[in-house]
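Structural characterization, general
Spelled out, the chains give:
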Amino acid sequence: MTAFPAPSAPGLSRRALLRGGLAGAGLLTLAACRSAADTASAPAGDAASPRRGGVLTVGAGVDFTPALLFAQSANTLVQRLVFNTLTRYDDKLQPQPELATSWQVAPDGASVTLKLRDDVLFHSGRKFTADDVVFAVKNLQNPVRSAQLRSTAAAVTDFRKNGDFELTLVLAHPVSNIFDLFEFMIIPDSASVEEAFTGTKLIGTGPYTFTDRKPGSSITFARNEKYWNPGRPYLDGVEVRIVPQADSLLASLKTGQTHLSYSIRGKDVATLKSDPQFRITSYDTGAGAYYIGANLTGEHVSDKRVRQAIAWAVDRDRLVQQALGGYGTVSSTPWPKSSPAFSEASATRYHHDPEKARQLLKEAGLTGITLPFAHSNDPGNTAIAQILQYDLKQVGIETVLQPTDSPTMQKQLISQTMPALWTLSHGFAQLHPATLAVSAYPFNEAKNSSRFSSPAYTEIVQKAWKRPDSDSPEAKALYQQITDVLLDEQFVIDLAIAGLTEVAGSKVRGATLNKFGYLNLDDAYLTA
Amino acid sequence: MRTFLLKRLPSGLLVLLLASFLVFLILRLIPGDPATTLAGPDAGPQAVAAIRAQLGLDEPLVGQYLTWIGNLLSGDLGPSYAIGGQVSDLIGNGISATVQLTLGALLLVVLLALPLGVLGATARRRPVAAAVHAFTTAVLAVPPFVTGVLLVLLFAVTLGLLPAGGHESFLDAPDLALQYLLMPAVCLALPSAAVLARYLKDGIERALAEDYVRTATAVGVSRRRIVWLHALPNALPSAVTVLGLQVGHLVAGAVLVERIFAWPGLGQLIEQGVIRRDYPVVQDLLLLIVAVYVAVQLLTDLAYAWLDPRIRWE
């Protein structure tokens, strides 16, 4: 494991002094030899221009799970280091070239023709061709791969190759979120995909080659010297260190052992805001949103008025300030501001109005009800559940908190056996809006944990999804209709939108995330 | 000695067999399962069923148990479901880190407990004995995760003397490895050292009240000689038993300490295995820990028998 520098200048003299003082007390041998807290690994040079060299250490709260390589999960930091995608979105959700240099959607939306780079090599030395795109799509169609955008991948029914570097994807119907798939779908090496799936060998076309993995501890990468992007990457290597304990991760950043992290809790980020040692960047894509889910077969919550009462009862502002350290935006819809479905009026439809909540409960003929309320048993989610519990109590809804561990909750979500209420976060609203309703489980029109189903909702969602365009006024009108159903039915009670927050040591430059949280370090470098 | 060992062995094996059965059953009883965990939050029942079949979880429980034990006896620990790779490799990698941590902590336990125990029992001035008592009480009362956070705040964040967390192999870089080891080992060792120190103190005090001590004192043997050459050896057998039990506590405590210091040992592996319902990893590891307990207990009994001949003649 590589060791990294401790914070510089201000502490030096004191540290030197203390070292001298403690030398006689038995720490002499430690201080006299190399220091694990002081070993630097940054290249020489100034901050003005990108520099080659150095190993970047990224602190992650969750270990890499190879079986979720093709899914979006908490460990998607690794994907874009080893692999590439066909296209990548810019800030305005417009696709930009990556392995595909250009694309043409047929006027009827029933096919997409892609032109591919002809100068790309896999880390094994094999040339990347159109066959690899065909393999990648089929790979996501495999149910064992657990990929969230499977419904979009499954809409690809045929492939027409025109040489090694051009192919047409034939679609069962127009698909408005096809570029979400191109941003999501990593292109793996077909020869080693099973080894990739078990985490023993990761071979892609990306900027870094996989060198070593110590489960529970670290995963390391070295520069791909034959990367197709000339002069990139700048870094010699990357080490993703697994530090599951939030306080330890914070300490690791403060001591300079870790350069960069996206796993710092909102309230901890708030404590680093005034520290010049760190640069904090919020990704306003809104990749995550906090919500209360309601099981429509549960007692009382089957009544729409009760769900609406809950939506009025919660104090979203307090939640964002106290539980998320201010890193979030209150909202009663799932859409972040960058989404074509976003509207200010919808986002602020529900706000804190306990009186209105009591009125709705009274109309439903209910006073003093008690509901079970599940939440993840980690400290962050427990705090959120407790804040919500207090708010609901003020309007006469007692809740019995059910702290639940992640695998149990996942099983209950999939098997639709959640209690009457639960709180969790969801993703996928940062993309084209149809993706949310066909791929994010809480909103899925065909099957969701709330057991909500409505022919009208299904019809609007399918219409929005099966369009060749995603930004036209007609498309936006459909998104508004989806939003109206969500606001009225409240089977998912949205609370706040929160994106990933980057905490970077002052030496780190140029790290970015894509819409799915894949870490892109093509242009990243370490200053002196 | 051999007869003594042969008498103890069958009970150890029985414990292992029962433990294997319990470990297997308890894992199946906790909610959630590997297939839904691996399927991800947006999977449908088809995907979950496909993964369950792939992992062999659709077989009857008895069949699953017998397959596991059969493979184990033939030396095959099987593949990990979620973490990836073979369980034997994962345990192999984790074991050296945990052994480093546990041995480091064990050494500190002995180094701390011996002087504390002797000082506690022999201090002529009340404040010294009271200070030793207060120290051991405080160390026992503060849980390791608090000690760990305090150590990190002081030595890593404030003083910048030691790394906040991580691990380095002793074979690759012993000087760095020692610095990575110091805080987790201290954190892990303190409660066990306090327990052992108290046992030693009581043992020495009991020995010092014996008639032979009075006789020795009467004939002019120095107090230091009496304490170190007579009282301490008499207090050692029971302290060794306690030390043996503390090895188990150290292994168990490592789960927490490894988490605080991002130490990639077996504790981290068990935690990851439980979180992801990675049955093979958790089953094999828990059984291994039981085996370590049984072996340590056996060794403790042997050491006890060696130190006190009355035991092996029973």
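These numbers come from a predicted model, not from an experiment.

Right, let's get into the overall build of chain B. Secondary structure summary: chain B contains 13 helices and zero strands in total. Seen in sequence order, chain B has helices and strands lined up from the N terminus as α-α-α-α-α-α-α-α-α-α-α-α-α. Its C-alpha atoms give chain B principal-axis dimensions of roughly 85 × 55 × 35 Å. For chain B, the proportion of its 314 residues judged to be buried stands at 46%. In chain B, the proportion of contacts linking residues at least 24 apart, taken out of those at least 6 apart, comes to 73%. For chain B, the exposed area adds up to about 15100 Å²; of that, 70% sits on carbon and sulfur atoms. Where the 20 positive side-chain charges of chain B centre and where its 20 negative ones centre are 18 Å apart.

Here we come to the sheet that holds strand β13 (residues 288–294) of chain A. Residues and elements named next belong to chain A. Strand order in the open sheet made by the six strands is β14-β18-β13-β17-β15-β16, with mixed pairing throughout. At either margin of the open sheet sits one strand with a lone partner, and together these are β14 (329–330) and β16 (397–404). Pairing geometry for strand β15 (residues 369–376) and strand β17 (residues 421–426), over three bridges, is parallel. Directly across from alanine 374, in β17, lies its bridge partner tryptophan 422. In this fold helix α9 (residues 304–313) packs onto β13, β15, β16, β17 and β18 (492–498), with an angle of close to 25° to the strand it touches most, β18. Of the strands in this sheet, β15, β16 and β17 are in contact with helix α14 (residues 406–414), which crosses β17 at around 100°.

A few words now on the confidence of the model for chain A. Counting all residues, the mean pLDDT for chain A is 87, and 91% of those residues have values of 70 or more. Confidence drops under a pLDDT of 50 for residues 1–32 of chain A, and excluding neighbours within four residues, the segment shows 65 contacts in the predicted structure.

Turning to the sheet that holds strand β9 (residues 218–223) of chain A, a few remarks are in order. Residue and element names in this part refer to chain A. Taking strand neighbours across the sheet as the criterion, the seven strands line up as β8-β9-β10-β1-β11-β19-β12 in an open arrangement whose pairing is mixed. Of all strands in the sheet, those with a lone pairing partner are β8 (208–214) and β12 (278–282), marking the two edges. Across two bridges, strand β1 (residues 55–60) lies against strand β11 (residues 260–261) in parallel orientation. Directly across from valine 58, in β11, lies its bridge partner leucine 260.

Turning next to helix α12 (residues 354–363) of chain A. Residue and element names in this part refer to chain A. Taken together, the buried positions of α12 are Ala357, Leu360 and Leu361. Seen end-on, α12 carries its buried residues on one side only, within an arc spanning 100°. Here the buried face of α12 lies against α9 and β16. One or two steps after α12, the chain reaches glycine 365, where phi turns positive at roughly 75°.

Take the pattern of salt bridges next. Residues and elements named next belong to chain A. All chains considered together, the criterion is met by 31 salt bridges over all chains. For arginine 117, the salt bridge identified is with aspartate 119, shortest N-O distance 3.0 Å. Owing to a relative accessible area of 22%, arginine 117 belongs among the partly exposed residues under this scheme. Look at aspartate 119 and you get partly exposed, because its relative accessible area is 37%. A salt bridge links arginine 307 to glutamate 489, with the nearest nitrogen and oxygen atoms 3.1 Å apart. Here arginine 307, found in helix α9, pairs with glutamate 489, found in helix α17 (residues 473–489); they are 182 residues apart in sequence, far enough to count as distant. Classification of arginine 307 by relative accessible area gives buried; the value is 2%. A single salt-bridge network, built from bridges that share partners, covers Arg80, Arg88, Glu98 and Asp522.

Here we take up the packing of aromatic side chains. Enumeration according to the criterion identifies 20 aromatic pairs over all chains in this entry. Here the aromatic rings of A:Phe428 and A:Phe516 are separated by 5.9 Å at their centres, their planes lie at 65°, and the arrangement is edge-to-face. Taken together, the residues span a long stretch of sequence, with A:Phe428 in the loop between β17 and α15 (433–439) and A:Phe516 in the loop between β21 (512–513) and β22 (519–520) at a distance of 88 residues. Just as A:Phe428 is buried, A:Phe516 falls in that class too. Measuring from centroid to centroid gives 5.3 Å for B:Phe24 and B:Tyr65, while their planes differ by 75°, and the two rings are edge-to-face.

Residue and element names in this part refer to chain A. Along the chain, glutamate 166 falls in strand β7 (residues 166–171). Notably, glutamate 166 is buried but unbridged: the nearest opposite-charge side chain belongs to lysine 115, and the N-O separation is 4.4 Å. Those residues in contact with glutamate 166 that sit more than four places away from it in its chain are Thr113, Leu114, Lys115, Ala130, Arg160 and Lys161.

Further remarks concern the interface of chain A and chain B. Across the boundary between the two partners, chain A contributes 53 residues, which contact 53 residues of chain B. Roughly 4500 Å² of surface becomes buried between chain A and chain B when both sides are summed, with 60% attributable to carbon and sulfur atoms. One can count three salt bridges joining chain A with chain B. Applying the counting criterion to the chain A and chain B interface returns 13 residue pairs in polar contact (both at pLDDT 80 or more). Those elements that provide at least two residues to the side of chain A that touches chain B are α1 (12–32), β10 (237–242), α7 (246–254) and α14 of chain A.

All names here are of chain B. A cluster of nonpolar residues, Val142, Phe145, Val146, Leu150, Leu153 and Leu256, forms a patch on the protein surface that exposes about 480 Å² of accessible area. If one sorts the elements of the nonpolar patch by residue count, helix α7 (residues 144–158) sits on top with four residues. Among the secondary structure elements, leucine 153 is positioned in helix α7.

Analysis parameters
Residues numbered from 1 in each chain as written. Chains lettered and ligands numbered in written order. Predicted model: local features only at pLDDT ≥ 70, side-chain atom pairs only at ≥ 80, totals over all residues. Heavy atoms only, no water. Helix = DSSP H or I, 4+ residues; strand = E, 2+ residues; numbered from the N terminus. Buried < 20%, exposed > 50% of the residue type's maximum accessible area, 1.4 Å probe, protein only. Contact = heavy atoms within 4.5 Å. Areas by Shrake-Rupley, 256 points an atom, 1.4 Å probe, with all protein chains shown as cover. Lys, Arg positive; Asp, Glu negative; His and termini not counted. Charge placed at Lys NZ, Arg CZ, Asp CG, Glu CD. Pairing = 2+ DSSP bridges. Axes fitted to C-alpha atoms, helices over the stretch in contact; angles between N-to-C directions. pLDDT = per-residue confidence, 0-100. Arc of directions from axis to C-beta. Salt bridge = Lys/Arg side-chain N within 4 Å of Asp/Glu carboxyl O. Phe/Tyr/Trp six-rings, centres within 6.5 Å; stacked < 30°, edge-to-face > 60°. Buried area = accessible area lost by both parts, 1.4 Å probe. Polar contact = N/O pair within 3.5 Å; in protein donor to acceptor, adjacent residues only side chain to side chain. Patch = residues over 30% accessible without salt bridge, like charges linked within 9 Å, V, L, I, M, F, W, Y side chains within 5 Å.

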